[in-house]
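# Summary of the model geometry
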2 protein chains.
Amino acid sequence: MRISTLTPRLVPLVALLCAAAVHAADPLPSWNDGPSKQSIVRFVEQVTAKGSASFVPPAERVATFDNDGTLWGEQPMYVQGFFINDRIKALAPQHPEWQTQEPFASVLKGDLKSALSGGAHAVVEMAMTTHAGMTTVEFDKIVTDWITTAKHPQTGRLYTEMVYQPMLELINYLKDNAFKVYIVSGGGVEFMRPWTERVYGIPPEHVIGSSIVTKFDLRDGKPVLTRLPKVDFIDDGPGKPVGIQMRIGRRPIAAFGNSDGDLQMLEWTAAGAGPRFCLYVHHTDAAREWAYDREGSIGRLDQGLDEAKAKGWTVVDMKQDWKVIYPAQTGASQATSKY
Amino acid sequence: MRISTLTPRLVPLVALLCAAAVHAADPLPSWNDGPSKQSIVRFVEQVTAKGSASFVPPAERVATFDNDGTLWGEQPMYVQGFFINDRIKALAPQHPEWQTQEPFASVLKGDLKSALSGGAHAVVEMAMTTHAGMTTVEFDKIVTDWITTAKHPQTGRLYTEMVYQPMLELINYLKDNAFKVYIVSGGGVEFMRPWTERVYGIPPEHVIGSSIVTKFDLRDGKPVLTRLPKVDFIDDGPGKPVGIQMRIGRRPIAAFGNSDGDLQMLEWTAAGAGPRFCLYVHHTDAAREWAYDREGSIGRLDQGLDEAKAKGWTVVDMKQDWKVIYPAQTGASQATSKY
């Protein structure tokens, strides 16, 4: 039976029932009405307007989001830094030598500043010790166990409760409009995948991140992938457009970040033909979250802020633009994607 | 309005109209009825049977297909080998030194056997010369121009006409049943992406392959990704499960290959919990295509054939199982995906 055989009175009814997305009155209720929100809605309406010159077919509606500082908090240390810290403490009983061996000794004393004074070498050593040497299946379980219980030392919230409610709404709004939404983060890809689907509604295959080398082996005749202590790919700065091209193979039409580490991703996105949207989350809310931009080592936004202004990209003023920061503040419990 | 407010008489009508996939009488018309076809249908029915113990949620229905020899022909040389051959000839006027320099001199004389006698070193040199040194956008155009015109020296067909009609039907059948279908090939990822969506209905972001290093640069203020003559990742043999984990982050529940280079992908797939499906295409049809397995350097199927028999994987006998090989033989013109 074809639609045309229905009585005319039924056609709108059927169309209504079949509609994939039922438009809510306001898809972005946690955003104050202002230039940031308006620019988002205008862009989405532009690329979804059938028959218009700005229409973009659904297949090409790729949107990429940074994670740390864009979808969840990153202060006073990246969440993955807290994970490393906690893993060193958990593994310490098996490593009595760590009591005197830096940078581990400082971590075990709770002195992160000294631990990090060893610079990049110390960071890599701590990262590899805690991220390599197990199978991918084992690491998935380690991350899952940690992320469901570990709490931020200052807020007392689960890290997954420190995601940004307005950005969750933005992800869902884009998905409702047939966008393919990806995470493109400097964080470890296997550190994110165990929870991004539950927390953001973004499935593992849409998560791009930094990685270490993995190796296929047969262990007692059973195939395993073992994580080796060797960097494979750093998905940060100029690595982000490279990661996007390697993994997605399409240029995004919209990109979202919060730091100079996202600048090349936004430049790459902006340089494509047709309608483009670039957005920076500017951390301006010291009372409800953190306020920082041009200074500091975590989430520095300096060159990016200048380029955003010069190019007319959207810069979200967290304090002005967001009614709430975290899902708990909406009155709802932990927001999960409806997908 | 909710469905429950409809009159009962309308409910089945609406359900019918809203159904995502309307089941054709036979989703695999180019497959002869036999154990291979039956095993495919049985598996799909098993994992899609709601409420059954074997049910797999759509999100986890990942299927991975090798490309060369599994979705299209690979004899007497990989298609990408013909591409390299043709590119060397096209670039020769800019490289007068190639007239005397091996392996290029032999290629220009049409003596591929001598060109390849330089072994891996010669192959890498030819591959890098023809695949690196340009931007990703430029390479996309080079591949697109070539693939739309180049013809197989023996069949006189476009290479994209030498795809296997039964496998196109299989891809569509899986997609109709909410599978996410990926290509996982030893071939170059950027060599496949320009045409896989048109020919197989598999979009760029679902194509995993071997890659060379790319680098982000600003050229006259415009961002470009330049392809460098350095191998990044070889997506073959034990590299296939690694590529799957890096790019998808989920273990497939079904995997399809034709050679020993696919064996680890099939082993990795088979080792997961729940229903699993592994299939080898066995090239047994010297009259309509090619017949080969344990001998030769292209698409050797030796250890894989033994393991398939030992483990009860499906082995497609091309001669017995397939009514037609190529789309043109169905009477239809070049088959394209309906997606």
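These remarks concern the structure in this document. Bear in mind that the values here come from a model prediction, so they are computed numbers and not experimental data.

Another aspect to go through is the overall build of chain A. A count of helices and strands for chain A gives 13 helices and eight strands. What you see for chain A is a C-alpha radius of gyration of 22 Å, in line with the 20 Å of a compact globule of 339 residues. Taking the principal axes of the C-alpha coordinates as reference, chain A spans close to 80 × 50 × 40 Å. Per-residue burial over chain A gives 55% buried out of 339 residues. Within chain A, counting contacts between residues at least 6 apart in sequence, those at least 24 apart form 65% of the total.

Turning next to the pattern of salt bridges. Pairing between side chains of opposite charge can happen when the charged atoms of each approach one another. All names here are of chain A. For the structure on display, the rule yields 26 salt bridges over all chains. Between aspartate 26 and lysine 37 there is a salt bridge, with its nearest N and O atoms 2.8 Å apart. On the criterion of sequence distance, the pair formed by aspartate 26 in the loop between helix 1 (11–18) and helix 2 (35–48) and lysine 37 in helix 2 is long-range, its members being eleven residues apart. What makes lysine 37 buried here is its relative accessible area of 9%.

Before going further, it helps to spend a moment on the relation of the copies chain A and chain B. When chain A is fitted onto chain B, the two copies agree to an RMSD of 0.0 Å after a turn of 180° and an axial shift of 0.0 Å. Here the copies are linked by what is in effect a two-fold axis. Comparing interface residues between copies, 98% of those in chain A also sit at the interface in chain B, which points to an isologous, same-surface contact.

Between chain A and chain B, the residue contacts involve 45 residues of the former and 44 residues of the latter. Here chain A packs against chain B, burying approximately 3700 Å² in sum over the two surfaces, 64% of which is carbon and sulfur. Contact with chain B buries surface across chain A, with Glu205, Phe216 and Met246 of chain A losing the most and accounting together for 18% of the total. Taken together, the connections running from chain A to chain B amount to six salt bridges. Across the pair glutamate 205 of chain B and arginine 250 of chain A runs a salt bridge whose closest N-O atoms are separated by 2.9 Å. Connecting chain A to chain B are 18 residue pairs in polar contact (both at pLDDT 80 or more). The set of elements that each furnish at least two residues to the side of chain A that touches chain B consists of helix 1, helix 7 (136–147), strand 2 (180–188), helix 9 (189–200), strand 3 (207–219), strand 4 (222–233), helix 10 (239–247) and helix 11 (263–270) of chain A. The biggest single contributor to the side of chain A that touches chain B is strand 3 of chain A, with six residues.

Bringing empty space enclosed by the protein into the picture now. As enumerated under the stated definition, the model contains four cavities of 30 Å³ or more in all. Space inside the largest cavity adds up to approximately 90 Å³.

Residue and element names in this part refer to chain A. The buried fraction of strand 2 is high, at eight of nine residues. The pairing of strand 1 (residues 62–65) with strand 2 spans four bridges and is parallel. Residue threonine 64 lies in a different strand from strand 2, and its bridge partner there is tyrosine 182.

A few words now on the packing of aromatic side chains. For the coordinates displayed, the defined rule picks out 32 aromatic pairs over all chains. Judged by centre distance (4.2 Å) and plane angle (5°), the rings of phenylalanine 65 of chain A and phenylalanine 256 of chain A are stacked. With phenylalanine 65 of chain A in strand 1 and phenylalanine 256 of chain A in strand 5 (residues 254–257), the pair connects residues that are 191 residues apart, well separated along the chain. As far as the burial class goes, phenylalanine 65 of chain A and phenylalanine 256 of chain A line up, both buried. Ring centres of tryptophan 98 of chain B and phenylalanine 104 of chain B lie 4.4 Å apart, and the angle between their planes is 5°; this geometry places the pair in the stacked category. Here tryptophan 98 of chain B and phenylalanine 104 of chain B have matching classes, each one buried. Residue placement shows arginine 247 of chain A over the ring face of phenylalanine 233 of chain A; its charged tip is 5.2 Å from the ring centre. Of note, arginine 227 of chain B hangs over the ring of phenylalanine 139 of chain B, and the distance from its end group to the ring centre comes to 4.0 Å.

How each quantity is defined
Residues numbered from 1 in each chain as written. Chains lettered and ligands numbered in written order. Predicted model: local features only at pLDDT ≥ 70, side-chain atom pairs only at ≥ 80, totals over all residues. Heavy atoms only, no water. Helix = DSSP H or I, 4+ residues; strand = E, 2+ residues; numbered from the N terminus. Rg over C-alpha atoms; globule rule 2.2 N^0.38 Å. Buried < 20%, exposed > 50% of the residue type's maximum accessible area, 1.4 Å probe, protein only. Contact = heavy atoms within 4.5 Å. Salt bridge = Lys/Arg side-chain N within 4 Å of Asp/Glu carboxyl O. Least-squares fit on C-alpha atoms with pLDDT ≥ 70 in both. Buried area = accessible area lost by both parts, 1.4 Å probe. Polar contact = N/O pair within 3.5 Å; in protein donor to acceptor, adjacent residues only side chain to side chain. 1 Å grid on protein atoms, 1.4 Å probe; cavity = no way out; pocket = protein on both sides within 12 Å on 5 of 7 lines; lining within 4 Å. Points joined across faces, edges and corners; volume = space filled by probe spheres on them. Pairing = 2+ DSSP bridges. Phe/Tyr/Trp six-rings, centres within 6.5 Å; stacked < 30°, edge-to-face > 60°. Lys NZ or Arg CZ within 6 Å of the ring centre and 35° of its normal.

Shape descriptors only; they carry no functional weight alone.
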